[in-house]
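Working through the structure, step by step
Listed below are the residues making up each chain.
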Amino acid sequence: QVQLVESGGGLVQTGGSLRLSCAASGRSFSTYVMGWFRQAPGKEREFVAAVIWSGDSTFNADSVKGRFTISRDNAKNTVYLAMNSLKPEDTAVYYCAATRHWGPKTMIIREYDYWGQGTQVTVSS
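Overview of the structure. Treat the numbers as computed from the prediction; the structure is a model and nothing was measured.

Quick notes on the overall build of the protein
Helix and strand content of the protein: zero helices and 11 strands. Ordering the α and β elements of the protein from the N terminus gives β-β-β-β-β-β-β-β-β-β-β. Computed over its C-alpha atoms, the radius of gyration of the protein comes to 13 Å, within 12% of the 14 Å expected for a compact globule of 125 residues. Its C-alpha atoms give the protein principal-axis dimensions of about 40 × 25 × 25 Å. Sequence separation of 24 or more characterises 59% of the internal contacts of the protein that already satisfy a separation of 6 or more.

The following block contains the structure:
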């Protein structure tokens, strides 16, 4: 069992930066691939980024490449999402999630076993 709690969301202007954190409980954090997803009003939840168990490899959605960076600290049971050059279209509730899968399934929502409650990110124009 893994419980996830996100923090770090807020209101920021276009071009600004935020860093989201997701703290995990449980002893098995380092055995999970961790991902970030987001859901804008009226839209489906979408994949943003994922990081492998060791933190050595990451994968980003095309929409955030070059702007967002996912990382993890297994000693602190925490995964991060550093967001730079934010745009109004990045406005959404951001969720962290845990899965056992690394590969084609990493982007698939139903493959994730545990989810946080989400944190709101609002980018003003």
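What to know about the pairing of strand 8 (residues 78–83)
By the criterion of burial, strand 8 is predominantly enclosed, with five of the six residues buried. Bridge analysis of strand 3 (residues 18–24) against strand 8 gives six bridges, and the strand direction is antiparallel. Looking at strand 8, one finds that Cys 22 is bridged to Val 79. Where strand 7 (residues 68–73) folds back onto strand 8 in an antiparallel hairpin, the turn is made up of four residues, including Asn 77, whose phi is positive at roughly 50°.

Structural notes on unusual backbone geometry
One non-glycine residue, Asn 77, lies in the positive phi region at around 50°. Looking at where Asn 77 falls in the secondary structure, it is placed in the loop between strand 7 and strand 8. Of note in this structure, Ser 85 is not a glycine but carries a positive phi near 50°. Along the chain, the position of Ser 85 falls in the loop between strand 8 and strand 9 (92–99). Residue Ser 85 is classed as partly exposed on the basis of its relative accessible area of 41%.

Basis of the calculations
Residues numbered from 1 in each chain as written. Predicted model: local features only at pLDDT ≥ 70, side-chain atom pairs only at ≥ 80, totals over all residues. Heavy atoms only, no water. Helix = DSSP H or I, 4+ residues; strand = E, 2+ residues; numbered from the N terminus. Rg over C-alpha atoms; globule rule 2.2 N^0.38 Å. Contact = heavy atoms within 4.5 Å. Buried < 20%, exposed > 50% of the residue type's maximum accessible area, 1.4 Å probe, protein only. Pairing = 2+ DSSP bridges.

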